[in-house]
Amino acid sequence: MRRAALPLALVLALSVVTLAVVPVRGAVPPMYGGQLRLPAPAPVASLDPAEANTPFEASIAAAVCDGLYRVDGAGRVVPVLAQGMPEVQGTVATVRLRQGVRRHVGSPLTPVSVASTLRRAARHPQAGWLLAAFAADGGEPDVRVAGEDAVELRLSAEGVDVAQVLAAAPLALATGSDPRRRPLGTGPFAARTGGSEVRLRAFRFAAEGAPYLDEIRIVAPRAREESLRAFELGRLDGSWWGESLYGGQPVRPVASTAAPTVAPVLLVPNRARGPLRDRALWAAVGTRIDRRRLERVGLRAGATLAPGLPPPRLDASRRPAARQALLLVVRDGDEFERALGEALAGVLDEANVTLRVEVLARGRYEAAVEAGRFDLRIATVVPPLPGPTALVGAALAAAGQGDLARPLARALGDARAGAAAAPGLDAVVLGHRASVLSHPVALESVRFDALGRLDLGALALPREQTR
């Protein structure tokens, strides 16, 4: 006996409902399953989105924490944890939260969590300048709980694009008491740091759908030879050093996926003390750097933050009358920074400058920078949003020029504002990180987004390898 046909209107209605609940990522449940072991290109200092210092740290943060909004592949701002777009009246914006969103500990996301996360983010240079788009209350953004499902934000001026600001990667919601080591987010993975390893465990109830993999283990960076040997032997599922230790054909089929070169690398001087208070000397250092000689360490040479933006302005230079000695501090375990520092030492030696590279553990490095016990440091700018103005603001913040970055938060969509501010960057742009991830051919959906972040939630192994 044939089943009676459903009325066409009911079929269409059911189709709409079905489309509305299908997650963006893997099935929930079942997932494909499986585990990956990926090496970090540098030590992971923090899992907090507001503190991401490298594109890979930002990749982990994006896999753990969602924002109220995000920018999709077409450049449109779309809601994620927010229910619809902000409701703006004058200088007050109301953002309503999606119902039923769970954090990794199972409890619901609340307006209190949103407000506390934004206030905490304001204390970090990478995120704090963005929150200048909102009015201040005691030095923190004026964000208030508005009932059980909404927050209210006081704006610093009319016309602020609230959704665009809140879509910035550093403002993703990382709740909990220890967001550096165990942020509680709503993303596809729950994270925990143990020793030198970060474990990402699949979260079935992720706001935008569960991931395909059960677990990703982020292991500490290793020396080039050791990392490549582990990759070729199948003990690691990725390599940032290439496909083969000896340049031959790898034992197992391997592919390589390049990240977009969107993360500028800056050489930042210490202006508060030391010889580089002399602007003419700083200009002499900056103008005598041959960027092409730095490309061997994984840098794509360039003098501007992005195409179309003017370079930082340098004063008239003079060759040092006597040989100068400068101290460059780099992070221990960050092979890219160390190699770049050594390459810079060779380049500057010809400019009558002796550059001493000091490798410091994370705590000592942060203390040295805070106390100004350095002449030069290297900073990677992680783009918070697509577009030149957001990139310029992030670069100014990374160089310690938050006072120049904050006005840009109110004009993120205006490319002219970024172009006007770019020459004021007190740093030299060396180029952009050129990152390539080598991985087994069988690993599916290996891709980087427009901000240079590896999409960890999209990675998948074939079903036959996970049964």
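A few points on the structure. (Residues numbered from 1 in each chain as written. Predicted model: local features only at pLDDT ≥ 70, side-chain atom pairs only at ≥ 80, totals over all residues. Heavy atoms only, no water.)

### Regarding the sheet that holds strand 17 (residues 353-360)
At step 1: One open sheet holds the six strands; their spatial order is 15-19-14-18-16-17, and the pairing between them is mixed. Where the open sheet ends on each side, the last strands, each with one partner, are strand 15 (299-301) and strand 17. Averaged over all pairs of adjacent strands, the angle between strand axes in this sheet comes to 35°, irrespective of strand direction.
At step 2: Summarising the sheet, strand 16 (residues 324-331) and strand 17 pair through eight bridges and their orientation is parallel. Within strand 17, the residue paired with Leu-326 across the bridge is Leu-355.
At step 3: Sheet strands touched by helix 8 (residues 335-349): strand 14 (264-269), strand 15, strand 16, strand 17, strand 18 (376-380) and strand 19 (428-433). Its angle to strand 17, the strand with the most contacts, is close to 170°. (Pairing = 2+ DSSP bridges. Helix = DSSP H or I, 4+ residues; strand = E, 2+ residues; numbered from the N terminus. Axes fitted to C-alpha atoms, helices over the stretch in contact; angles between N-to-C directions. Contact = heavy atoms within 4.5 Å.)

### Details of the pattern of salt bridges
Two side chains carrying opposite charge are able to pair once their charged atoms lie near each other.
At step 1: Tallied over the full model, the rule gives 28 salt bridges.
At step 2: Across the pair Arg-96 and Asp-149 runs a salt bridge, and its minimum N-O distance is 3.8 Å. Of this pair, Arg-96 sits in strand 5 (residues 92-96) while Asp-149 sits in the loop between strand 8 (143-145) and strand 9 (150-154), placing them 53 residues apart in sequence.
At step 3: Residue classification places Asp-149 among the partly exposed positions, given a relative accessible area of 28%.
At step 4: One salt bridge in this structure joins Arg-292 and Asp-290, with 3.3 Å as the shortest N-O distance.
At step 5: Judged by its relative accessible area of 66%, Arg-292 is exposed.
At step 6: Overlapping salt bridges, with partners in common, bring together Glu-197, Arg-199, Arg-201, Glu-215 and Arg-217 in one network. (Salt bridge = Lys/Arg side-chain N within 4 Å of Asp/Glu carboxyl O. Buried < 20%, exposed > 50% of the residue type's maximum accessible area, 1.4 Å probe, protein only.)

### What about the pairing of strand 19?
At step 1: With six of six residues buried, strand 19 lies mostly within the body of the structure.
At step 2: By the bridge criterion, three bridges tie strand 15 to strand 19 in an arrangement that is antiparallel. Within strand 19, the position partnered with Ala-301 by the bridge is Gly-431.

### What to know about the environment of His-439
At step 1: Along the chain, His-439 turns up in strand 20 (residues 436-440).
At step 2: For His-439, a relative accessible area of 4% gives the class buried.
At step 3: Each C-alpha atom of the pair His-439 and Glu-232 lies 9.9 Å from the other, and the pair is 207 residues apart in sequence.
At step 4: Ignoring any residue separated from it by four or fewer positions in sequence, one finds His-439 in contact with Phe-231, Asp-237, Pro-253, Val-254, Ala-255, Ser-256, Thr-257 and Val-446.
At step 5: Here Thr-257 takes part through its side chain, which lies 2.9 Å from a polar atom of the side chain of His-439. (Polar contact = N/O pair within 3.5 Å; in protein donor to acceptor, adjacent residues only side chain to side chain.)

### Structural notes on the sheet that holds strand 12 (residues 215-219)
Note on sheets: strands pair through backbone hydrogen bonds, and any given pair is parallel or antiparallel.
At step 1: Taken in spatial order, the four strands make up an open sheet running 1-12-11-10, and their pairing is mixed. If you trace the sheet from one side to the other, it starts and ends with strand 1 (35-39) and strand 10 (189-194), each paired once. Taking the axes of each pair of neighbouring strands and ignoring which way they run, one obtains an average angle of 20° across the sheet.
At step 2: Pairing of strand 11 (residues 197-202) with strand 12, which is carried by four bridges, proceeds in the antiparallel orientation.

### Topic: the environment of Pro-183
At step 1: Here Pro-183 lies in the loop between helix 5 (162-166) and strand 10.
At step 2: Non-local contacts of Pro-183, meaning those with residues more than four positions away in its chain, are made with Leu-47, Val-64, Cys-65, His-104, Ala-174, Thr-175 and Asp-178.

### Thoughts on the side chain of Glu-57
At step 1: As for its placement among the helices and strands, Glu-57 is situated in helix 2 (residues 55-64).
At step 2: Salt bridges are absent for the buried Glu-57, whose nearest opposite-charge side chain, Arg-362, sits at 7.0 Å.
At step 3: Those residues in contact with Glu-57 that lie beyond four places of it in its chain are Pro-43, Val-44, Ala-45, Ser-46, Glu-51 and Ala-52. (Lys, Arg positive; Asp, Glu negative; His and termini not counted.)

### A closer look at unusual backbone geometry
At step 1: Even without being glycine, Asn-352 reaches a positive phi, approximately 70°.
At step 2: For Asn-352, the position within the fold is in the loop between helix 8 and strand 17.
At step 3: Positive phi, close to 60°, is recorded for Ser-445, a residue that is not glycine.

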